[in-house]
Amino acid sequence: MLFRSWAQTADAHWPDVARVSDHVGVAHLVVTRHALVRQVLTDPATYRPDNALDAVTPVPVAALRVLAGHRFRLPPTLANNGGVSHPAIRAIVADALHPTRVAAQRPWLTGLVRERVGGIAAALDAGGAVDLYAELAADLPLLVLARLVELPDAPVGAVKEFARAALELFWAPLDAERQQALAAEVGRFHRVLREFAATGGGLAGSLRAAGHPPDVVVGALFFLLVAGQETTSQFLTLLLHRLAGEPAVLAALRDGTVAVGDVVEEGLRLEPPIVTWRRVAAVDTTLGGTAVPAGTSIVLWLARAGRDPATVDAPDEFRPGQRGSRRHLAFGAGAHRCVGDQLARMEAAVVVAETAALLDGVTVLREPWCPDNLTFRMPDAFVVRRR
Ligand code: HEM
């Protein structure tokens with residue numbers, strides 16, 4: 001279940017806390033209920049975030065050598081930082097992503113999406129097939145992020161390749177050959193980030209000015225370039241696919257009887273791009289009646305928590321605005337709760353508003369396919385044509 005958790009049937013019975021061994025024999029406690037997932041996320045004294053970015057397939061010596069050759073280091077900065085430096089680093093990142101700055105990007109993004117949707121509509125009208133992942137979802141979040149946070153001058157394709165390589169290296173079941181190739185890709189880009197971190201302005205400059213060491217600046221940029229764009233690309237793709245199969249929701253969007261914001265929240269609840277997130281038990285404890293020895297890896301099944309019948313009326317149905325719709329844990333909770341949530345929501349709202357009419361008349365030629373991964377969906381394509 002661990003590496004394709006989104007493919008689990010919704011009605012299958014799961015214990016509140018399930019012991020599951022992974023592909024290399026490591027045991028994890030998988031937490032399936034909303035209340036328990038929230039309890040873990042909001043109790044940093046008992047459950048630390050230190051393992052959030054640990055490779056789920058141990059990295060063999062050959063790949064470690066490749067990483068070391070690029071002087072790759074990923075010290076605790078944001079998501080895996082349970083230490084005293086976390087609040088100060090987070091505050092600087094949160095400032096760069098402040099809701100006011102996010103809102104200021106909305107008109108520009110709306111113009112860009114409208115232009116893209118015009119081109120897509122013309123291609124569909126001409127009888128063509130269009131990959132909405134490639135043409136719409138893949139690069140938009142990175143383009144917006146680059147306007148909010150100064151980033152290294154690298155082509156979009158290179159950043160996407162690096163980010164997807166990182167998600168695979170740290171969260172996928174892998175063989176040694178693949179790990180080595182991914183280590184080379186991730187290590188190469190880490191070098192680019194290191195150079196930029198030493199001289200770049202914007203967020204990098206603010207972190208340096210606040211006295212944070214170079215490793216922290218690199219770590220923050222590394223995480224932002226992965227978490228700050230790949231997640232939203234994935235979410236946009238999954239949401240567009242879901243909406244293509246929800247004609248009643250599309251009709252309600254057209255009539256204005258459903259709010260775009262409610263559609264985005266229901267999308268986050270039912271199609272979160274991050275399906276699980278990890279913590280590690282800091283002390284011996286119990287969770288939902290299950291003994292948890294210190295050091296245990298805890299896999300929080302965020303996607304399942306969003307479908308917990310205890311919190312939402314119709315867990316498996318896409319009903320924007322239903323009771324419990326907004327109580328999902330797609331962005332986590334507590335001290336490490338996603339700092340880019342308003343940005344992701346704004347991007348999704350613009351895309352839904354601008355594409356709803358287009359989606360109304362399409363047929364799906366190719367559904368998004370997602371490779372095995374503990375945490376990220378990573379859809380590869382979503383191809384449609386006019387009905
Ligand atoms: C739909 C899109 C997104 C989803 C589902 C998502 C989800 C998450 C989750 C589950 C966490 C871990 C929370 C926890 O440990 O409690 C997280 C953390 C984080 N996210 Fe997002 N995220 C998204 C988009 C973004 C964007 C657009 C940015 C920034 C541009 C971003 C930046 C971050 C950062 C910096 C953290 C670490 C916060 C900390 O440790 O203090 N995320 N996100």
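Refer to the structure above for everything that follows.
Residues numbered from 1 in each chain as written. Predicted model: local features only at pLDDT ≥ 70, side-chain atom pairs only at ≥ 80, totals over all residues. Heavy atoms only, no water.

## Concerning the pairing of strand 2 (residues 27-31)
To be explicit about the condition: Only protein chains enter the accessibility calculation, which uses a 1.4 Å probe; a residue whose area is less than 20% of its type maximum is buried, one above 50% is exposed, and one in between is partly exposed. Per the convention used, a helix needs a DSSP run of H or I reaching at least four residues, while a strand needs a run of E reaching at least two, with both numbered from the N terminus. Criterion used throughout: strands pair if DSSP finds at least two bridges between them.
Of all five residues in strand 2, four are buried; the element is thus mostly enclosed. Between strand 1 (residues 17-21) and strand 2, which pair antiparallel in sequence order, lie five residues; one of them, Gly25, sits at a positive phi of approximately 90 degrees. Two strands pair when backbone bridges link them, and strand 2 and strand 8 (residues 297-300) are joined in this way by four bridges, in the parallel orientation. Bridge assignment links Val30 to a residue of strand 8, and that residue is Val299.

## Re the pattern of salt bridges
It is possible for side chains bearing opposite charge to pair when their charged atoms get close. Heads up, the rule is: One speaks of a salt bridge when a side-chain nitrogen belonging to Lys or Arg is within 4 Å of a carboxyl oxygen belonging to Asp or Glu.
This structure, assessed with the given rule, holds 25 salt bridges. In this structure, Asp372 and Arg4 form a salt bridge, with 2.7 Å as the shortest nitrogen-oxygen distance. Taken together, the positions of Asp372 in the loop between strand 9 (362-366) and strand 10 (383-386) and Arg4 in the segment before strand 1 put the pair 368 residues apart, joining distant regions of the chain. Judged by relative accessible area, Asp372 falls into the partly exposed class, the value being 36%.

## Quick word on the sheet that holds strand 2
Inclusion rule: Every residue pair with non-hydrogen atoms within 4.5 Å of one another is taken to be in contact. For helices, the axis comes from a line fit to the C-alpha atoms of the stretch in contact; other axes are also lines fit to C-alpha atoms, and the angle between any two N-to-C directions lies between 0 and 180 degrees.
Taking strand neighbours across the sheet as the criterion, the five strands line up as 1-2-8-5-3 in an open arrangement whose pairing is mixed. Single-partner strands in this sheet number two, and they are strand 1 and strand 3 (47-48). Pairing geometry for strand 3 and strand 5 (residues 277-281), over two bridges, is antiparallel. Considered in strand 5, the bridge of Arg48 is made with Val280. The strands that helix 1 (residues 34-41) touches are strand 1, strand 2, strand 3, strand 5 and strand 8; relative to strand 8, the one it contacts most, it runs at about 130 degrees.

## What to know about the coordination of the iron atom of the ligand
Just so we agree on the cut-off: Distances decide who is a donor: an N, O or S atom must be within 2.8 Å of the metal, or within 3.2 Å for Na, K and Ca. Water is not included, so sites may look incomplete.
The sole protein-derived ligand of the iron atom of the ligand is Cys338 (SG), positioned 2.3 Å away. By the element assignment, Cys338 lies in the loop between helix 15 (302-305) and helix 16 (341-360).

## A closer look at the packing of aromatic side chains
Our working definition: Paired rings are identified among Phe, Tyr and Trp, the last through its six-membered ring, by centres lying within 6.5 Å, and are further divided according to the angle between planes into stacked (under 30 degrees), edge-to-face (over 60) and tilted (the rest). In this scheme, the term charge over a ring applies when either NZ of a lysine or CZ of an arginine sits within 6 Å of the ring centre and within 35 degrees of the ring normal.
Applying the stated criterion across every chain yields a total of eight aromatic pairs. With a centroid separation of 4.4 Å and 15 degrees between ring planes, the pair formed by Phe162 and Phe189 is classed as stacked. With Phe162 in helix 8 (residues 156-171) and Phe189 in helix 9 (residues 176-199), this pair connects stretches of sequence that are 27 residues apart. According to the relative accessible area criterion, Phe162 is buried, its value standing at 0%. The class of Phe189 is buried, set by a relative accessible area of 7%. Between the aromatic rings of Phe162 and Phe222, the centroid separation amounts to 5.2 Å while the plane-to-plane angle is 75 degrees, which identifies the pairing as edge-to-face. Pair noted here: Phe162 is in helix 8 and Phe222 is in helix 11 (residues 214-227), with a separation of 60 residues, a long-range link. Across the pair, Phe222 and Phe162 agree in class, each one buried. Put simply, the rings of Phe72, Phe162, Phe189 and Phe222 touch in pairs and so form one group of aromatic residues. Positioned over the ring face of Trp108 is Arg147, at 4.0 Å from the centre of the ring.

Coordinates in, geometry out; function isn't part of it.
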